[in-house]
Amino acid sequence: MISRLFARSRAFRPPTGAVPAGQRVYAIGDIHGRLDLLDQLLETVEADNASRPNADTQIIFLGDLIDRGPNSAQVIERAIGLIGKGKFRFLLGNHEEVFLKALSGDLKALSFFTRIGGRETILSYDISESEYQASDYPELLEMLQKRVPAEHISFLEAFEDMIILGDYAFVHAGVRPDQALSHQRASDLRWIREEFLGHDGALEKIIVHGHTISADVEFHEHRIGIDTGAYASGNLTAMGFENDARWILDTAS
């Protein structure tokens with residue numbers, strides 16, 4: 001396990017940046033209901049952290065814990081169980097945003113939710129395929145509201161929009177390049193794509209994000225993308241940060 005761990009730990013320099021001295025940060029990309037990969041990656045991160053000198057370590061989840069993969073409810077339960085076992089922080093992804101809106105009683109949001117991978121989340125809350133297929137949206141909403149624990153809802157509602165540490169800003173999707181970080185809209189932080197990905201040049205901070213799938217970690221002057229499509233590829237990726245060093249940990253091995 002340890003030999004495979006360090007075989008997959010790769011150091012990268014550009015773009016330059018640093019986190020505050022004495023801190024170590026791990027950012028975890030989009031999980032999308034893959035509890036198996038989350039458990040594997042957390043074990044890898046734990047071993048990597050233990051192998052390094054003592055530091056103030058925190059682990060940031062970049063959002064989209066749910067949808068598409070088979071175990072969304074279980075991923076949320078696992079994440080809740082991490083509270084008190086270290087410093088864990090969670091960003092709200094666009095999929096959590098739609099899920100919460102649907103649970104609030106918005107039938108249009110529920111319809112959209114089922115089209116973007118929410119079916120798998122619904123089934124993970126002990127709603128059978130036959131129940132799902134036989135229900136209209138009002139019936140499905142009633143079942144879902146009864147089956148999703150209040151603890152899960154309050155946990156998701158407490159997720160953050162942006163985390164700034166040193167030269168980095170951690171968000172789910174990206175930022176609007178023509179706006180200061182202090183003036184970003186939450187909707188852009190969770191949904192933006194083309195305007196951010198197509199930007200050329202430096203920004204106020206180096207943006208570490210998920211949301212947009214790539215085969216491997218993407219490095220650009222203004223951003224680092226770490227969504228490697230775990231639900232389909234089987235590769236869930238994390239990036240470690242300490243001082244001006246960065247390294248990649250993943251489940252591909």
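Above this text is the structure in question.
Residues numbered from 1 in each chain as written. Predicted model: local features only at pLDDT ≥ 70, side-chain atom pairs only at ≥ 80, totals over all residues. Heavy atoms only, no water.

J.: So what exactly am I meant to see when it comes to the overall build of the chain here?
T.: Tallying secondary structure elements over the chain gives 12 helices and 11 strands in all. Radius of gyration (C-alpha) of the chain: 18 Å, near the 18 Å computed for a compact globule of 253 residues. Seen through its C-alpha atoms, the chain measures out along the principal axes to roughly 55 × 45 × 30 Å. By the burial criterion, 52% of the 253 residues in the chain qualify as buried. When contacts within the chain are restricted to residue pairs at least 6 apart in sequence, long-range pairs at least 24 apart make up 68% of them. When the accessible surface of the chain is summed, it comes to about 10,900 Å², and 50% of that surface belongs to carbon and sulfur atoms. Here the chain holds 25 positive side-chain charges and 38 negative ones, and the gap between their average locations is 2 Å. (Helix = DSSP H or I, 4+ residues; strand = E, 2+ residues; numbered from the N terminus. Rg over C-alpha atoms; globule rule 2.2 N^0.38 Å. Buried < 20%, exposed > 50% of the residue type's maximum accessible area, 1.4 Å probe, protein only. Contact = heavy atoms within 4.5 Å. Areas by Shrake-Rupley, 256 points an atom, 1.4 Å probe, with all protein chains shown as cover. Lys, Arg positive; Asp, Glu negative; His and termini not counted. Charge placed at Lys NZ, Arg CZ, Asp CG, Glu CD.)

J.: Which parts of the structure should I look at to understand the packing of helix α4 (residues 94-103) against helix α9 (residues 150-157)?
T.: A pair of packed helices is characterised by two quantities: the angle between their axes and the separation of those axes. One way to put it is that α4 packs onto α9 with a least axis distance of 11 Å and a crossing angle of 130°. One finds that α4 runs oblique with respect to α9. Two packed elements cross with a definite hand, and for α4 against α9 that hand is left-handed. Mapping the contact onto sequence places E96, F99, L100 and L103 in α4 and I153, L156 and E157 in α9. (Axes fitted to C-alpha atoms, helices over the stretch in contact; angles between N-to-C directions. Parallel < 35°, antiparallel > 145°, perpendicular 65-115°, else oblique. Left-handed = near helix turned anticlockwise from the far one by under 90°.)

J.: Looking at this structure, how should I read the pattern of salt bridges?
T.: Enumeration over the complete set of coordinates arrives at 15 salt bridges. The residue R78 makes a salt bridge to D39 at a minimum N-O spacing of 2.6 Å. With a gap of 39 residues between them, R78 in helix α3 (residues 72-82) and D39 in helix α2 (residues 35-50) connect regions that are remote in the sequence. A residue is classified by how much of its surface remains accessible, and R78, at 30% relative accessible area, is partly exposed. (Salt bridge = Lys/Arg side-chain N within 4 Å of Asp/Glu carboxyl O.)

J.: Would you mind showing me how to read unusual backbone geometry here?
T.: If a residue is not glycine, its phi is most likely negative; likewise, a peptide bond is most likely trans. Despite not being glycine, D67 shows a phi value in the positive range, around 80°. In this structure D67 comes out as buried when scored by relative accessible area, which is 0%. Despite not being glycine, N243 has its phi angle at roughly 50°, a positive value. Tracing the backbone shows N243 in the loop between β10 (237-242) and β11 (245-250). Its relative accessible area of 40% is what places N243 among the partly exposed residues.

J.: Is there a simple way to explain the nonpolar core in this structure?
T.: One broad rule of soluble globular proteins: the nonpolar side chains tend to lie buried together. One finds I28, F61, L65 and F99 to be the most contacted residues of the largest nonpolar core, which totals 47 residues. Every residue in contact with I28, bar those within four places of it in the chain, is listed here: L41, L42, I59, I60, F61, L62, I226, L236, T237 and A238. Counting residues in hydrophobic clusters, the runner-up holds 18 residues, among them V19, A27, I226 and F241. (Core = buried A, V, L, I, M, F, W, Y, C linked by side-chain atoms within 4.5 Å.)

Interpretation note: all reported values are geometric properties and have no functional meaning in isolation.
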